[in-house]
Structure formats: C-alpha cells, structure tokens
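Spelled out, the chains give:
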Amino acid sequence: MMLVLLIKKGVYEMSSKDKPHLNLVIIGHVDHGKSTMTGHLLYVCGSISERDIQKFEKEAELIGRGSFKFAWALDKLKEERERGVTIDLAFYKFQTKKYYFTIIDAPGHRDFVKNMITGTSQADAAILVISAGTGEFEAGISATGQTREHALLAKTLGVDQLIVAVNKMDLANYKQERFDEVKDEMARNLKLFGFDMKKVAFVPASGMKGDNLNEKPDTMAWYDGPTILDALDTFEVPPKPVDKPLRLPLQDVYTITGIGTVPVGRVETGVMKPKDDVIFQPTGKKANVMSIEMHHETIPEAIPGDNIGFSCKGLAKKDVRRGDVVGHVAKPPTIIKDFTATVQVIRHPSAIAVGYTPVIHCGTAQVATRFAEIKSKITKGEKTDKPDFLKNGDTAEVVMIPTRDMVAEKYTEFPSLGRFAIRDMGQTVAVGIIKNVTSQ
C-alpha cells in the first residue's frame, strides 16, 4: 500500500532515516477535501510522481471525475472511487524539511467513523480539514456533521497536536472574512474540547489548487502565517516510552504470499525485536517474531510510534484480529474483568442509566460494554453519589463490564489503552479515562 518516495525538485533530499518520525492523521467531515489535500501534499513533497498524477487524472476523467486526480492517489478501492468517499485507512509516507511522516488518511463519512477512530488512535498529530465553501463548513459543524466529532475524538484519543486547514479557499474567493469566520467558530469548539489554542495553527489553503501547501500564493496576500508544510514542522516528537512493557494494538492482519501471516499496528510502548516471544491478547495466542518491516524496509527493532508489519512463526490469520494487543510473553497485556473510569457525557439524546450497553472504542478494539454501576456524578460543579442516571454535561465515576474479553490498561500506565470513546446510535455520546482495572 505504501508509495516509494521519489524526491522532487530537490527540496527534501535528506534521507527519511535521518529524520524524526511522526504519525499524522487527516480528519474532517466528508467532502471537505481531505483526500485531495493529502494527495496534493504527497505530490509536492515528491511522494507521488507527475506521471502518476497524469495517470490518475485520465482514469478519473473516464468517469467524469477529473477533479479527483489527487484524491485517487489515496482512494484505491473501486467503491471509494465510484462514491468519492474514503472508506478504509490509507497509509503513506512523505517528508518535510524537519520530519518524515506516516500519513493516515481517515474516512470522513459518518458510516465509517469506526475506521476513523482506528486511524486516529495511532496518530501523534492531526490535520483537521474544514471547507471554507458556502454551506459546507456549516454542514460539517452541524449536529449531524463530523467536524466537531472528529476533533473531539482526536483529543480523546490523545492527539494534542493539531493543524486546522481551512480548505477550499478558492470556493470562498480567497476572502479573509470567510477564513476569519470559520477560524473563530472552530477555535471556540476546540477550546471547549481542551486543545491549547496557542499551539493550534489555522492555515487557509486549497488542496485542489495547491495554494498554501508549500508556497504562499498571491491570492491570499492578507495571510502572514505558515504554509501547511511549515506548520507541520512546528510539531514535536512525543516521548517514546521504550522502558515500559511492549503494547502494540493491531490495526489489521494480512496474509502475504511467501511470508505468511503479517499483523500490522503501531507500537505504543516498549520495544519489539526479531526472535522476541510475544502474546496476542485476549486470545492468548503465542508466537515468535521472525522479521519486522516499516515502509517496506526491514528494521532491526520497532519502538514507540513505529507503524509496522511483522511476521511470526506459528501464527495463522484466524488466530488474531483487529483490536488484539501484542505484548511480550513475560509481561502480557491485561485482559480485564471490569474497570472503573471517569466518563464525560457529551451528546446523548436522553439519559444513561445502569444497564446501558454501548460500544466503546479503546485502542483499536470495539467492544460492547455495560454500565454496571454509577458511583457518582458532577453536574455544574455539584457532586451526587449513586445517581440514577447521567445526562449531557455530566462527569461521572462508573464501573463498566465488557461483554467479551478485551484488553485495557490504567491511563496513568498506558495512556493509549486507558482512554476510550463511547459510541451509540451512529455518534459519539461520551468519552472516558480508565482509573483502575480488575484483571481476569
């Protein structure tokens, strides 16, 4: 799935091996131009050749979608091309002057939010793409839109570094007034979600035209901030907890001819090396690591932040699945019986009571989980013990029991496996942080 890096114009000639690595997810409402912007970024950074773009343009024109040429660099599935929406996750790499990125293009359509959560759970930073087009921004920010939900989920899943790309400025005639309008409304929401607004860059751009991706255009002379690529270089590499036990949530599992079963995922903590004895929880399947690859290159070890595929001796595809967590046999991931969490209710149409069983998204796992006990809640600063129900705006301490085996950890020990989103009725209704777990 990875594209070979082709250096273009000599701009980013340093080897990616010599640069720090970051995982970047592209999020936002459907039709706001995420795939087009991402494809154009890959092009200006040299990850896609001129020949490839011309090929995509010809293919797109055959079905009357010539403007989709950059998006088609990412949307490989036939259904995605016909519908014009991103369904699954796409992984590519590109370089800026300072970093090399694994870029995750996540779906924006509400039907595929589960896949978006999986992608965002693996990211160090995000670009939130918002359309400046008349009516398009308003649709994304509405109650049925995905703009706010994606931003909230990014924060919940630990993505604190964010660029807001105000895209399709060409549709707004490059007017500063429209940019300021979109920026002010989105900044208000991001502040409510807990983002540090001093560290969030708002960048006007056109993914289709290429405006402000790597060069500032004359059409937006009023803008004196960074380009998208300049803003990406303001990110910081998160700490890499190599001293903690190995935790690697699986994103997917493939069968590759000549190699065998290859699980794929992102190392959250610890280090994985060839010859390591590992265990896949909650299935309990044990295996020996034979080789590790990242971006189609064999590597001697995988550390936190690395998106890898690895082959194992004695492992069949049926033995493991998305949502499983890999650890060393000596220090296996925790299979939980129940857990205590702090939950914040955001958008539930009625009320949450004991017995409520929504799906929680923790790491890459998606498991129906029951509210077994509501210990207390805080409503507008007032605490109530043993409340009967929870409503929007409440923060509560609850005990939850998964309906099947799953891996979860205390947030203070393994943050990526200690936070979760609660989804029901096609939307995110609450978010939570795990305080304590009872293991099986």
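Counting of residues starts from 1 at the beginning of each chain's written sequence and follows it residue by residue. Restriction of local features to residues with pLDDT of at least 70 applies here, the model being predicted, together with a cutoff of 80 or more for giving and counting side-chain atom pairs; totals for whole chains, interfaces and linings are based on all residues. The side-chain figures draw on all heavy atoms in the structure; neither hydrogens nor water molecules are used.

**Quick word on the overall build of the chain**
Put simply, the rule reads: Under the scheme used here, helices are H or I runs from DSSP no shorter than 4 residues and strands are E runs no shorter than 2 residues, and both carry numbers assigned from the N terminus. Burial classification: accessible surface area is computed with a 1.4 Å probe over protein chains only, and a residue below 20% of its type maximum counts as buried, one above 50% as exposed, and the rest as partly exposed. What sets the accessible areas is the Shrake-Rupley method with a 1.4 Å probe; for residues, cover comes only from the shown protein chains.
In terms of helices and strands, the chain carries 8 helices and 20 strands. Burial statistics for the chain: of 440 residues in total, 55% are counted as buried. Carbon and sulfur atoms make up 50% of the accessible area of the chain, which amounts to about 18700 Å² in all.

**Side note on helix 7 (residues 176–193)**
To keep it simple, the criterion reads: One less than the residue count of a helix, multiplied by 1.5 Å, gives the span that helix is expected to have. Whether two residues are in contact is decided by their heavy atoms, any of which lying within 4.5 Å being enough.
Taking 1.5 Å per residue as the helical rise, helix 7 with its 18 residues ought to reach 26 Å, and the 26 Å between its terminal C-alpha atoms agrees with that figure. All of the buried residues in helix 7 are R178, F179, V182, M186, A187, N189 and L190. Where helix 7 is buried, its residues contact strand 4 (125–131), helix 5 (136–141), helix 6 (147–156), strand 5 (161–167) and strand 6 (201–204). Two residues or fewer after helix 7 comes G194, characterised by a positive phi angle close to 105°.

**A look at the packing of aromatic side chains**
Applied cut-off: For this analysis, a ring pair means two rings from Phe, Tyr or Trp (six-membered ring only for Trp) whose centres lie within 6.5 Å, classed as stacked if their planes differ by under 30 degrees, edge-to-face if by over 60, and tilted for the remaining angles. Whether a charge lies above a ring is judged from NZ of Lys or CZ of Arg, which has to be within 6 Å of the ring centre and within 35 degrees of the ring normal.
The final tally for this structure, using the stated rule, is 8 aromatic pairs. Measuring from ring centre to ring centre gives 5.8 Å for Y99 and F101, while their planes differ by 75°; the resulting arrangement is edge-to-face. With respect to class, Y99 is no different from F101; both count as buried. Consider the rings of Y356 and F371, whose centres lie 5.6 Å apart with planes at 45°: the pair is tilted. Here Y356, found in the loop between strand 14 (336–345) and strand 15 (359–362), pairs with F371, found in strand 16 (residues 365–379); they are 15 residues apart in sequence, far enough to count as distant. Here F371 falls in the buried class, since its relative accessible area comes to 0%. An aromatic cluster is built from F94, Y99 and F101, whose rings are joined through pairwise contacts. Seen from the ring of F195, K155 lies directly overhead, with NZ or CZ sitting 5.4 Å from the centre.

**Examining the confidence of the model for the chain**
The line we're drawing: Per-residue confidence from the predictor is given as pLDDT, running between 0 and 100.
Chain-level pLDDT for the chain is 83 on average; 82% of the residues reach the 70-or-more range. Here helix 3 (residues 78–83) stands out as the element of the chain with the lowest mean pLDDT, 38, in contrast to strand 13 (residues 325–328), whose mean of 98 is the highest. Ignoring residues within four places in sequence, the model shows residues 76–90, a span with pLDDT below 50, making 55 contacts including any to other chains. Of the regions scoring below 50 in pLDDT, residues 106–112 engages in 34 contacts with residues more than four places distant in sequence or in other chains.

**Details of the pattern of salt bridges**
Where we set the bar: One side-chain nitrogen of Lys or Arg within 4 Å of one carboxyl oxygen of Asp or Glu is enough to make a salt bridge.
Counted under the stated rule, the structure contains 16 salt bridges. The salt bridge involving E138 is made with R178; its shortest N-O contact spans 3.0 Å. Taken together, the positions of E138 in helix 5 and R178 in helix 7 put the pair 40 residues apart, joining distant regions of the chain. Judged by its relative accessible area of 35%, E138 is partly exposed. Among the residues examined, R178 registers a relative accessible area of 12% and is labelled buried. When the shortest N-O distance is used, the salt bridge between K377 and D394 registers 3.6 Å. Of this pair, K377 sits in strand 16 while D394 is found in the loop between strand 17 (382–385) and strand 18 (395–402), placing the two residues 17 residues apart along the sequence. Residues K377 and D394 agree in their burial class; the two are buried. Connected through salt bridges with shared partners, the residues D124, R266 and E268 form a single ionic network.

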